[in-house]
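As a plain string of letters, each chain reads:
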Amino acid sequence: MDLLKIKDKVLEVPIIQGGMGIGVSLGNLAGSVMRQGAMGTISAANPGFKKASFQKKPLLSNLEALGEEIKKARTLAKGQGMLAVNIMVKGTNYAAYVKQAVANKVDAIISGAGLPLELPKFVKGSQVAIAPIVSSGKAAQVICRSWERKHDRYPDFIVIEGADAGGHLGFTKEELESGDHQNLAEILHDVTEVVKPYIEKAKRAIPIFVAGGIYTGEDIAKYVKLGAAGVQMGTRFIGTHECDADDQFKQRFLDAKKDDVILTKSPAGLPGRALKTSLTTTLEQVERVPINWCIDCLEPCIPKTTVYCISEALMNAAEGKLDEHALVFTGINGHRINELVSVKELVHELMHEYALNMGGLIHA
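Only a predicted model underlies this, so the values are computations on that prediction, with no experimental measurement involved.

Enquirer: Describe the overall build of the chain, naming the residues involved and giving the relevant values.
Expert: A count of helices and strands for the chain gives twelve helices and 14 strands. Here the chain has a C-alpha radius of gyration of 19 Å; the compact-globule value for 364 residues is 21 Å, and the two agree. Taken over the C-alpha atoms alone, the chain extends approximately 50 × 45 × 45 Å along its principal axes. Counting all 364 residues of the chain, 56% fall into the buried class. A separation threshold of at least 6 residues defines the contact pool for the chain, and within that pool the share at least 24 residues apart is 66%. Counting every atom, the chain has about 15,800 Å² of accessible surface; 49% of that belongs to carbon and sulfur. Computed over 42 positive and 42 negative side-chain charges, the separation of the two mean positions in the chain equals 7 Å.

Enquirer: Mind laying out the pairing of strand E10 (residues 208–211), listing which residues take part and the relevant values?
Expert: Burial along E10 is two-sided: Ile208 and Val210 facing one way and Phe209 and Ala211 facing the other are all buried. Bridge count between strand E8 (residues 158–161) and E10: four bridges; the pairing is parallel. When the sheet's bridge partners are listed, Ile158 is paired in E10 with Ile208. The sheet contact formed by E10 and strand E11 (residues 230–233) spans three bridges and is parallel. Within E11, the residue paired with Val210 across the bridge is Val231.

Enquirer: Run through the pattern of salt bridges, naming residues and quoting values.
Expert: For the coordinates displayed, the defined rule picks out 15 salt bridges. As a salt-bridge pair, Glu148 and Lys201 come within 3.1 Å of each other at their nearest N and O atoms. Of this pair, Glu148 sits in helix H5 (residues 137–151) while Lys201 is found in helix H7 (residues 184–202), placing the two residues 53 residues apart along the sequence. Classification of Lys201 by relative accessible area gives partly exposed; the value is 45%.

Enquirer: So what's going on with empty space enclosed by the protein? Which residues, and what values?
Expert: In the structure shown here, the tally under the stated rule is one cavity of 30 Å³ or more. Estimates place the volume of the largest cavity at around 100 Å³. Lining the largest cavity are 13 residues, and of these Cys294, Asp296, Cys297, Cys301 and Cys309 sit closest to its centre. Class assignment for the residues of the lining of the largest cavity results in ten nonpolar, two polar and one charged.

Enquirer: Describe the packing of helix H1 (residues 27–34) against helix H2 (residues 58–77), listing the residues and the values that go with them.
Expert: At their nearest, the axes of H1 and H2 sit 7 Å apart, and the two run at 30° to each other. Relative to H2, H1 is oriented roughly parallel. When you trace H1 past H2, the crossing you get is right-handed. Of the residues in H2, those touching H1 at Gly27, Asn28, Ala30, Gly31, Ser32 and Met34 are Glu69, Lys72, Ala73, Arg74, Leu76 and Ala77.

Enquirer: Describe the packing of H5 against H7, listing the residues and the values that go with them.
Expert: Where H5 contacts H7, the axes come no closer than 8 Å and their chain directions differ by 20°. Comparing their axes, H7 and H5 come out roughly parallel. Relative to H7, H5 is oriented so that their crossing is right-handed. Between H5 and H7, the residues in contact are Gly137, Ala140, Gln141, Cys144, Arg145 and Glu148 and Ile187, Asp190, Val191, Val194, Tyr198 and Lys201, respectively. Split by residue class, the contact of H5 with H7 holds six nonpolar, two polar and four charged.

Enquirer: Got a sec to walk through the environment of Glu177? Specific residues and values, please.
Expert: Structurally, Glu177 is set in helix H6 (residues 173–178). On the basis of relative accessibility, which here comes to 56%, the residue Glu177 falls in the exposed class. On a C-alpha basis, the gap between Glu177 and Val89 in space is 25 Å, while along the polypeptide they are 88 residues apart.

Enquirer: So what about helix H3 (residues 94–103)? Which residues, and what values?
Expert: Helical periodicity: at 3.6 residues per turn, an α-helix aligns residues three or four positions apart in one direction. Inspection of H3 places Tyr94, Tyr97, Val98, Ala101 and Val102 among the buried residues, and these make up the whole buried set. Relative to the axis of H3, the buried residues are bounded by an arc of 135° and lie together on one face. Contacts made by the buried residues of H3 are with H2, strand E5 (82–88), strand E6 (108–112) and helix H4 (119–123). Positive phi shows up at Lys105, right after H3, with a value of about 60°.

Enquirer: Residue-level account of the packing of aromatic side chains, with values.
Expert: On inspection of all chains with the given rule, the structure shows four aromatic pairs. With a centroid separation of 6.0 Å and 50° between ring planes, the pair formed by Tyr154 and Tyr198 is classed as tilted. With Tyr154 in the loop between H5 and E8 and Tyr198 in helix H7, this residue pair connects regions lying 44 residues apart in the sequence. Classification of Tyr154 as buried rests on a relative accessible area of 11%. The class for Tyr198 is buried, based on a relative accessible area of 6%. Measuring from centroid to centroid gives 5.7 Å for Phe157 and Phe209, while their planes differ by 75°, and the two rings are edge-to-face.

Definitions and cut-offs
- Residues numbered from 1 in each chain as written.
- Predicted model: local features only at pLDDT ≥ 70, side-chain atom pairs only at ≥ 80, totals over all residues.
- Heavy atoms only, no water.
- Helix = DSSP H or I, 4+ residues; strand = E, 2+ residues; numbered from the N terminus.
- Rg over C-alpha atoms; globule rule 2.2 N^0.38 Å.
- Buried < 20%, exposed > 50% of the residue type's maximum accessible area, 1.4 Å probe, protein only.
- Contact = heavy atoms within 4.5 Å.
- Areas by Shrake-Rupley, 256 points an atom, 1.4 Å probe, with all protein chains shown as cover.
- Lys, Arg positive; Asp, Glu negative; His and termini not counted.
- Charge placed at Lys NZ, Arg CZ, Asp CG, Glu CD.
- Pairing = 2+ DSSP bridges.
- Salt bridge = Lys/Arg side-chain N within 4 Å of Asp/Glu carboxyl O.
- 1 Å grid on protein atoms, 1.4 Å probe; cavity = no way out; pocket = protein on both sides within 12 Å on 5 of 7 lines; lining within 4 Å.
- Points joined across faces, edges and corners; volume = space filled by probe spheres on them.
- Nonpolar A, V, L, I, M, F, W, Y, C, P; charged D, E, K, R; others polar.
- Axes fitted to C-alpha atoms, helices over the stretch in contact; angles between N-to-C directions.
- Parallel < 35°, antiparallel > 145°, perpendicular 65-115°, else oblique.
- Left-handed = near helix turned anticlockwise from the far one by under 90°.
- Arc of directions from axis to C-beta.
- Phe/Tyr/Trp six-rings, centres within 6.5 Å; stacked < 30°, edge-to-face > 60°.

Rendered as structure tokens:
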């Protein structure tokens, strides 16, 4: 395999473990992925939710926890791989989370759920690589043009999330239900064309990673042959012992059937892909579920009118309280997880399948 260079770092395995919040991908999962030579990702979505101070001081708790989880990941990685933090543009206090990640010397910041037009400003003077998440060539063009004009900066890499991804999706519910949208290969082609002139201006590569429905090493090989540098995979890493979520959260995936994977509402104003829970069933029958408390986590969310509290729902899920107000985000292939394995076993399996489909072999 060709080694991937991102700024001054080398990625030996062409996999980014996707950021999954709340509490699904923290330091334990990210560090374990890094140790295998891939990029581990900590989600900055309320990482401090288990702290006693969280409800009264959510921002302070989250910033402290983010620093702690970064240190945990570094310790586990033993100098291997790369460490990223995923930060949602639509989240409140966006700049504070970016600055905390920079202060803790992460290798990369990956940012989506909105266009991260101001991200370069917050990392200026650091060596942190920055990457937008996009779902179209148009979005990639807007970001590249804005970063160049306002900040004299270009993406260090780009992540494309297609319609089969988990969590918040960059497509309308109508597009997703009708199938009237570009597939991942088509978006990859468009983004590749958009990026070409910026590669010439930057005088360096801008690797493109694809995400959404990537499940096997064969999938990885397919998109690398189409021009991707690698892939981002989130859901597949839920089926590992090292995933930071509760065992009952993982068991929901082991028990899931294909028709348990659904589209659901989100206070973020975007459709989301999740597994059926009592909450998603309720949301099909009522306009909204009143909230009991608010930590002001999403900019688009208005407590008096929001459809439900997504933070409470995701926290309950991560803690295994699936019979309560719980939301379990998943990619389209979440029902295919049928056993828990170690991160090492999973990465080895994926890379072995990848090598076979690229015409070579990889040894343990």
